[in-house]
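Examination of the molecular architecture
For reference, the chains in residue letters:
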Amino acid sequence: MRSVATLTVALLLPLVSLAGTATAAPTQTASQTPSQTPTAAAPSTLAATPPMGWNSWNRFGCHIDENLIRQTADNLVSTGMRDAGYTYVNIDDCWMAPARDAAGKLQADPTRFPGGIKALADYVHGRGLKLGIYSSAGTATCQGLPASLDHEQADAQSFADWGVDYLKYDNCNNLGRPAQPRYQAMSDALRATGRPIVLSLCEWGENKPWEWGKQVGGNLWRTTGDIWDAWGRMTDILDQQVGLEKFSGPGAWNDPDMLEVGNGGMTDSEYRAHFALWSLLNAPLIAGNDLASMDYATKRILLNRDVIAVDQDWGGVQGHRIARTGNIEVWAKSMSDGSAAVALFNRGDTTALASTDAHALGLPATRDYAVRDLWTHEDAETSGAVRASVPAHSASVFRVWPNKGHGQTPLSTFSLQVPEFTEVGKPFTITGQLYDDGSTPLRGGQAQLQAPDGWVVDGGPVVTVPRVAAGQNWSHTWTLRPSAAAFAANSGNDVSVSASASFRTITGQQARQLDTKIVAVTLPPRGDVLLGDQPWISATNGWGPVKRNSSNGELDPGTGHTISIAGVKHEKGLGTHAFSSVRFYLGGTCTQFHAEVGVDDEAGPQGSVDFHVLGDGTELAGTGVVKSGQAATVLDAPTTGVRVLELRVNDGGNGNRDDHADWADVSVHC
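Okay, so let's go over this structure.

Right, let's get into the packing of helix α5 (residues 152-162) against helix α6 (residues 179-193). Their axes nearest at 8 Å, the elements α5 and α6 cross at an angle of 45°. When the axis of α5 is compared with that of α6, the two are oblique. Relative to α6, the crossing made by α5 is right-handed. Contacts between α5 and α6 involve E152, Q153, A156, Q157, F159 and A160 from the first element and R182, A185, M186, A189, L190 and T193 from the second. Looking at the contact of α5 with α6, its residues break down into seven nonpolar, three polar and two charged.

As structure tokens, then:
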């Protein structure tokens, strides 16, 4: 039986500046004449760094026109994105007319793009940007419009004549013809035009394009199916990048698909992880949000030049995962100046302390290291450890240099460890920790815990923080007990607490305050309890939110359909999508679990999942692979003594497209 998970909330101390701001990628100026056909670039200079820019699909789909593209070009300039390196303005599917012209050439939709693509390219080029276009290596695009299979030479010449700089080449309606010859044909046709056009192979990873994409002339190739704006899908794609690092390099990049940052389906912390990990992967950074309505948090992510510099630097190998323990992963990348970039990635539902060291990062042994936090842009000195308290569903990102940290503020981390949840009316403990990973000490001060009104802190809320020697840490545990009044006031509500700490470093006094909350849980009622009606501790889902008493349906939390498995309707249950996890507090009071599980009838034919019921981390029941159209499988399991029940759905092995997974009539007897 596993122990109750703990929540750690922490921050890095303010650090003095060391590394300079990364320089922007060179951009084309308005004085250049991109409308003229340039001399063909050598293959090694095309996409020498991962392409950066914007694409219309993730946010706008087919709702595009030339005004949107012009406005986006203007916004790339006005927001500073162009100067940060985002130079491509890429039009995705739905730009073309329903039929070719009398000469058999592609033409722009006359209503939405009345000025044509060449005029649009000239406008984009005039802003120091480049234009990208879309087609498919099939008879039609994914939206059923004319595509380029067996029209490669004519279409490539049209793209060149229009001044196109980038082609996203999809895989829809390919007639089952082999992938390599289809993509080779377009590559040859583009090269024959004499215009350097980046070729993006959107082959969805079906035929391992990383093994042959470079040979057929691709500058980047999709390694998976489409991304969508959900944490579960982003992490699913990330998992599929493991082991592909050896196939990437200048002019030929692995592409885990475009960015979803700012589209609203994930939290800011999740978007930071998305952006940081794509940068560690040397992925093309192709934004897909509405630039006209970007909020401050989105701009801070997309315009973070320290993180962009990691993506644009080639140190000999793409970033890759070097360690994984539970929900914590360490991803690292060698940089061309001898430093290393590292992401401490937390997949879990609670903030967690994560660490690595210089040896694991491949850095030489030395007296000291400079470490820069790439989110806060603060600098410190470490004797080798790199540590952070990483928020749930987020990534802390650093860059570490050998022999450059002497005399800097020691890398210090202040954290709180709190239970993920507490039963209403019960006492719980909180532990404060202070780590010194530098080579000079942290000197004494004090720490104070502030609890909600009516709560009592055993031993008092204020404690002394003694001297913390280099390489050591300090900790103190407080116990909080609710009074009767506090129990009544907080019944059913989360418990909010804060803590402050002060101490001195070689650069002076430091003071910080941390705020957190503990989820308040209650025992389920007696009798047969339908979990579709019960509050959960946490829920993650591969497509949109978990739905109560309906199928996974659409992304909107208010939509969904009646649960239906092989034609049998169920009014109650949970609608999920692989990969998913839903956790309930039972508190040891329930004795039996029941559910009827299967792929919902709303899913397509590729639905393929497996179900798992876990009690305190131990599997109680499960299915083999369940596919679309199969009758529901009954799952029954004893739950005596189980405190936390987890319902988990995994992909059945063919990717998680169509993996709408139902927990019909799911219940416990308590």
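The subject of this paragraph is the environment of N207. Note that N207 resides in the loop between β6 (198-201) and β7 (220-222). Between the alpha carbons of N207 and G617 there is a distance of 37 Å; along the sequence they are 410 residues apart. Those residues within four positions of N207 in sequence are excluded, and the remaining contacts are A179 and W212. A distance of 2.6 Å separates polar atoms of two side chains, one belonging to N207 and the other to E203.

Time to look at empty space enclosed by the protein. Space left empty within the atom packing is revealed by a probe, the size of a water molecule, rolled over the atoms. Within the structure shown, the criterion is met by three cavities of 30 Å³ or more. Size it by volume and the largest cavity reaches roughly 90 Å³. Elements that contribute at least two residues to the lining of the largest cavity include exactly β5 (166-170) and β7. Taken together, the residues of the lining of the largest cavity break down into six nonpolar, three polar and four charged.

The peptide bond linking A578 to F579 adopts the cis configuration, its omega dihedral lying at -5°. Structurally, F579 is set in the loop between β32 (573-577) and β33 (580-585). With phi around 90°, D257 is a residue other than glycine that occupies positive phi space. Locating D257 in the fold gives a position in the loop between β8 (253-255) and α8 (268-280). Judged by its relative accessible area of 3%, D257 is buried.

Parameters and conventions
- Residues numbered from 1 in each chain as written.
- Predicted model: local features only at pLDDT ≥ 70, side-chain atom pairs only at ≥ 80, totals over all residues.
- Heavy atoms only, no water.
- Axes fitted to C-alpha atoms, helices over the stretch in contact; angles between N-to-C directions.
- Helix = DSSP H or I, 4+ residues; strand = E, 2+ residues; numbered from the N terminus.
- Parallel < 35°, antiparallel > 145°, perpendicular 65-115°, else oblique.
- Left-handed = near helix turned anticlockwise from the far one by under 90°.
- Contact = heavy atoms within 4.5 Å.
- Nonpolar A, V, L, I, M, F, W, Y, C, P; charged D, E, K, R; others polar.
- Polar contact = N/O pair within 3.5 Å; in protein donor to acceptor, adjacent residues only side chain to side chain.
- 1 Å grid on protein atoms, 1.4 Å probe; cavity = no way out; pocket = protein on both sides within 12 Å on 5 of 7 lines; lining within 4 Å.
- Points joined across faces, edges and corners; volume = space filled by probe spheres on them.
- Buried < 20%, exposed > 50% of the residue type's maximum accessible area, 1.4 Å probe, protein only.

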